[in-house]
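This is what each chain is made of:
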Amino acid sequence: MQTTDIIRSGIVRKDALLSVPKPCFIKDGGGLLHIIKEHIVYLHSDDHVCKLYMKGKRAPIVLSQSFKNLAEKLCDVLTTIRRGAAVNLHYVTTIKGGSVKLAWDCGEAEVSYSEEGFKRILETIDLLQ
């Protein structure tokens, strides 16, 4: 005698689909570039463009969108530490003397923070004393 698995067919609950994170794409010329949000190291505003530094990429992705718009869209992985600079705190190695040091597989950077930015950092991290 052979057993057969009974597979119930049905409707997927709407909230089950909402719990799956959407893939993230950035406009790149005439196409769309897929990025993994957790691989974003930091975002820096430079005049009228923003530079997005990513794990695994030596050169930043240059974007013509406003810093404010990008920082809002990426607020789940980035913390704004001063005007025009937001960092992924998972790549921070040191917070000292008014700046954070970042390190990733393709480089290092040092980004200064404001007093308000330091407060945001402290709200975001777990500080063991």
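Coordinates for the structure precede this section.
Predicted model, so just to flag it, every value in this text is computed and none were measured.

1. Remarks on the side chain of Asn88
For Asn88, the location among the structural elements is in the loop between β7 (85-87) and β8 (92-96). If we skip the residues at most four places from it in the chain, Asn88 touches Lys37, Glu38, Ile40, Val41, Val77, Leu78 and Leu102.

2. Some thoughts on the pattern of salt bridges
The tally for this structure, following the rule as stated, stands at two salt bridges. The partner of Lys51 in a salt bridge is Asp46, and the shortest N-O contact between them spans 3.3 Å.

3. Looking at the nonpolar core
Of all hydrophobic cores here, the largest spans 17 residues; its most connected members are Ile35, Ile40, Leu43, Leu52 and Leu78. Secondary structure elements with two or more residues in this core: β1 (24-28), β3 (40-46), β4 (49-54), β5 (61-63) and α2 (67-73). Val41, Val87, Tyr91 and Val100 belong to the second-largest nonpolar core, a separate cluster that totals 16 residues.

4. Looking at the sheet that holds β7
An order of β5-β4-β3-β7-β6 is seen for the five strands of this open sheet, with the pairing classed as antiparallel. Every interior strand has two partners, whereas the edge strands, β5 and β6 (79-82), have only one. Each strand of the sheet is rotated relative to its neighbour by a mean of 20°, with strand direction disregarded. In the sheet, β4 pairs with β5 via three bridges, with the strands oriented antiparallel. Within β5, the residue paired with Cys50 across the bridge is Leu63.

5. Description of unusual backbone geometry
A positive phi angle, close to 60°, is found at Asp47, a residue other than glycine. Along the chain, Asp47 turns up in the loop between β3 and β4.

6. Here we look at the packing of aromatic side chains
Counted under the stated rule, the structure contains four aromatic pairs. Ring plane angle 70° and centroid distance 6.1 Å describe the contact between Tyr42 and Trp104, whose orientation is recorded as edge-to-face. Taken together, the positions of Tyr42 in strand β3 and Trp104 in strand β9 (residues 99-104) put the pair 62 residues apart, joining distant regions of the chain. On the accessibility criterion, Trp104 (13% relative accessible area) is buried. Ring centres of Tyr53 and Trp104 lie 6.4 Å apart, and the angle between their planes is 65°; this geometry places the pair in the edge-to-face category. Residue Tyr53 is found in strand β4, and its partner Trp104 is found in strand β9; the two are separated by 51 residues along the sequence. Ring pairs connect the aromatic residues Tyr42, Tyr53 and Trp104, which therefore count as one cluster.

7. A few points about the pairing of β8
One ladder, built from four bridges, connects β8 with β9; its direction is antiparallel. From the neighbouring strand, Val92 faces β9, where its bridge partner is Leu102. Linking two consecutive strands that pair antiparallel, namely β8 and β9, is a turn of two residues; a positive phi of about 60° is found at Gly97 within it.

8. Digging into the pairing of strand β10 (residues 107-112)
Strand residues, when the strand is regular, have side chains that alternate between the two faces of the sheet. In β10, alternate side chains face the same way, and those of Gly107, Ala109 and Val111 are buried while those of Glu108, Glu110 and Ser112 on the opposite face are not. In this structure, the hairpin formed by β9 and β10 is closed by a connection of two residues.

Cut-offs applied
- Residues numbered from 1 in each chain as written.
- Predicted model: local features only at pLDDT ≥ 70, side-chain atom pairs only at ≥ 80, totals over all residues.
- Heavy atoms only, no water.
- Helix = DSSP H or I, 4+ residues; strand = E, 2+ residues; numbered from the N terminus.
- Contact = heavy atoms within 4.5 Å.
- Salt bridge = Lys/Arg side-chain N within 4 Å of Asp/Glu carboxyl O.
- Core = buried A, V, L, I, M, F, W, Y, C linked by side-chain atoms within 4.5 Å.
- Buried < 20%, exposed > 50% of the residue type's maximum accessible area, 1.4 Å probe, protein only.
- Pairing = 2+ DSSP bridges.
- Axes fitted to C-alpha atoms, helices over the stretch in contact; angles between N-to-C directions.
- Phe/Tyr/Trp six-rings, centres within 6.5 Å; stacked < 30°, edge-to-face > 60°.

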